[in-house]
Amino acid sequence: RFQVSASNPDVADSLNEEILFTVTQPYPNHNGGSMQFGPDGYLYISLGDGGAGGDPGNRAQNKMEMLGKLLRINVNVPNGYSIPGSNPFFGATNANPHIWAYGLRNAWRTSFDRITGDQWIADVGQNLWEEVNYQPASSTGGENYGWRCYEAFNVYDTVGCLPAGSFVEPEIQYAHFPGCSVTGGYVYRGGQYSNWFGHYFFTDYCNGQIQSLSPTGPGTFALNAFGTFSGYEYTTFGEDRYGELYIGKNTTGVLKMTDATACSPVAFISFEDTITACA
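In what follows, the accompanying structure is described. (Residues numbered from 1 in each chain as written. Predicted model: local features only at pLDDT ≥ 70, side-chain atom pairs only at ≥ 80, totals over all residues. Heavy atoms only, no water.)

## Points about the sheet that holds strand β16 (residues 245-249)
Step number 1: With respect to topology, 3 strands assemble into an open sheet ordered β15-β16-β17, the strand pairing being antiparallel. Each of the sheet's edge strands pairs with one partner strand only, and the pair in question is β15 (234-239) and β17 (254-256). Between one strand and the next, the sheet's axes are offset by a mean angle of 25 degrees, whatever the strand orientation.
Step number 2: Here β15 runs beside β16; their pairing, made up of 5 bridges, is antiparallel. By the bridge assignment for β16, Gly-238 is matched with Tyr-246. (Pairing = 2+ DSSP bridges. Helix = DSSP H or I, 4+ residues; strand = E, 2+ residues; numbered from the N terminus. Axes fitted to C-alpha atoms, helices over the stretch in contact; angles between N-to-C directions.)

Laid out in structure tokens, this is it:
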């Protein structure tokens, strides 16, 4: 945690760094991919399963571990942090109280719908399947999203696993080749493109395909494809204060997303090249 500079609220004061906690992991990959404040004011933190392949320590299913989890903490305290008493395993002797949800391989971007409060969790798969999970705002936490027992809807390694009905299935899955690694985004709540309103957008690092899930009823969604865009290696999304969406490439820029039905060149924000395709 950093406090802002006394002279400029848009600059962090580098001299007052406070480390809240540290989680050691056994391998260098799967470090997790998000920190988001929820509508409840708590900080949600996604941690990967510790790395290697196939979660060899079965950490995502071990509720005593913080790896392979979505954590929830309260940082609205003068120093340190506290664990909300409404966390699903608060006070439990067989689970870490930081945990909000578990069974995740490497959730690469989570976000909250700024209107409904629903949470979206895009979880990177192992060898064959990518998944997007949906958690309604009414959730009280404790969901088990299945890894390493399942890779999306599909059995991966169920040795020692709970019964199938214990897991929350993803909202959608899609296969590898040419996809390989999901990048989760946001629900569009901007005012420029009415066709997009309520769509949750996501993409894939390896093929650059932009897709969305649009609501068809309470907790049900339809999959929409918006095309595959050159450059690929899309690693993150962002939204501005008005709810307009942006997408970031690995090394070469941040682009504003615009509706292809009223297409104009993508607005280039930074870095060195220009991309004119519409998304």
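## Concerning the packing of aromatic side chains
Each aromatic ring pair is characterised by the separation of its centres together with the angle its planes make.
Step number 1: Here the structure, examined in full by the defined rule, presents 18 aromatic pairs.
Step number 2: Here Trp-120 and Tyr-200 contribute two aromatic rings whose centre-to-centre distance is 4.4 Å and whose plane-to-plane angle is 10 degrees, an arrangement assigned as stacked. Of this pair, Trp-120 sits in strand β6 (residues 119-123) while Tyr-200 sits in strand β12 (residues 200-204), placing them 80 residues apart in sequence.
Step number 3: The exposure class of Trp-120 is buried, given its relative accessible area of 2%.
Step number 4: Given the relative accessible area of 0%, Tyr-200 is considered buried.
Step number 5: Seen from their ring centres, Trp-120 and Phe-221 are 4.9 Å apart, and the 75 degrees between their planes marks the pair as edge-to-face. Remark: Phe-221 occurs in strand β14 (residues 220-228) and Trp-120 occurs in strand β6; sequence separation between them is 101 residues. Phe-221 shares its class with Trp-120; the two are buried.
Step number 6: Grouping aromatic residues by their ring pairs yields a cluster made of Trp-120, Tyr-134, Tyr-174, Tyr-200, Phe-202 and Phe-221. (Phe/Tyr/Trp six-rings, centres within 6.5 Å; stacked < 30°, edge-to-face > 60°. Buried < 20%, exposed > 50% of the residue type's maximum accessible area, 1.4 Å probe, protein only.)

## Quick look at the state of the cysteines
Step number 1: In total, this model carries 2 disulfides according to the counting rule given.
Step number 2: Disulfide partner of Cys-149: Cys-161, at an S-S distance of 2.0 Å. Measuring the twist about the S-S bond at about -95 degrees, one finds the Cys-149-Cys-161 disulfide to be left-handed. Here Cys-149 is found in the loop between β7 (129-135) and β8 (150-151), whereas its partner Cys-161 is found in the loop between β9 (154-155) and β10 (172-175), with 12 residues between them in sequence. The exposure classification of Cys-149 matches that of Cys-161, with both residues buried.
Step number 3: Across the disulfide from Cys-180 sits Cys-206; the S-S distance is 1.7 Å. (Disulfide = S-S within 2.5 Å.)

## Regarding the environment of Ser-46
Step number 1: With respect to the helices and strands, the residue Ser-46 is situated in strand β2 (residues 43-47).
Step number 2: For the pair Ser-46 and Ile-99, spaced 53 residues apart in the sequence, the C-alpha separation amounts to 9.9 Å.
Step number 3: Among residues more than four places away in sequence, those in contact with Ser-46 are Asn-31, Gly-32, Gly-33, Ser-34, Lys-69, Leu-70, Ala-107 and Thr-110.
Step number 4: Looking at Ser-46, its side chain comes within polar contact range of the main-chain nitrogen of Ser-34, at 3.0 Å.
Step number 5: Among the polar contacts made by the side chain of Ser-46, one reaches the main-chain carbonyl oxygen of Ala-107 at a distance of 3.2 Å. (Contact = heavy atoms within 4.5 Å. Polar contact = N/O pair within 3.5 Å; in protein donor to acceptor, adjacent residues only side chain to side chain.)

## Comments concerning the pairing of strand β5 (residues 107-112)
Step number 1: When you tally the buried positions in β5, you get 5 out of 6 residues, the bulk of the element.
Step number 2: Bridge analysis of β5 against β6 gives 4 bridges, and the strand direction is antiparallel. Across the sheet, residue Phe-112 finds its bridge partner in β6, namely Gln-119.
Step number 3: Once β5 ends, the chain turns through 6 residues before running back antiparallel as β6, passing Gly-117 with a positive phi of about 80 degrees.

## Here's the deal with unusual backbone geometry
Step number 1: Residue Arg-148 follows Trp-147 across a cis peptide bond; omega there is 10 degrees.
Step number 2: Cis geometry is adopted by the peptide bond preceding Pro-178, which originates at Phe-177 and carries an omega value of 15 degrees.
Step number 3: Structurally, the position occupied by Pro-178 is in the loop between β10 and β11 (182-187).
Step number 4: We note that His-30 has phi near 60 degrees; this positive angle belongs to a residue other than glycine.
Step number 5: Turning to its location among the elements, His-30 is positioned in the segment before β1 (34-37).
Step number 6: Overall, His-30 belongs to the buried group, its relative accessible area being 11%.
Step number 7: The backbone of Phe-177 shows a phi angle near 65 degrees, a positive value even though the residue is not glycine.
Step number 8: Checked against the element boundaries, Phe-177 lands in the loop between β10 and β11.

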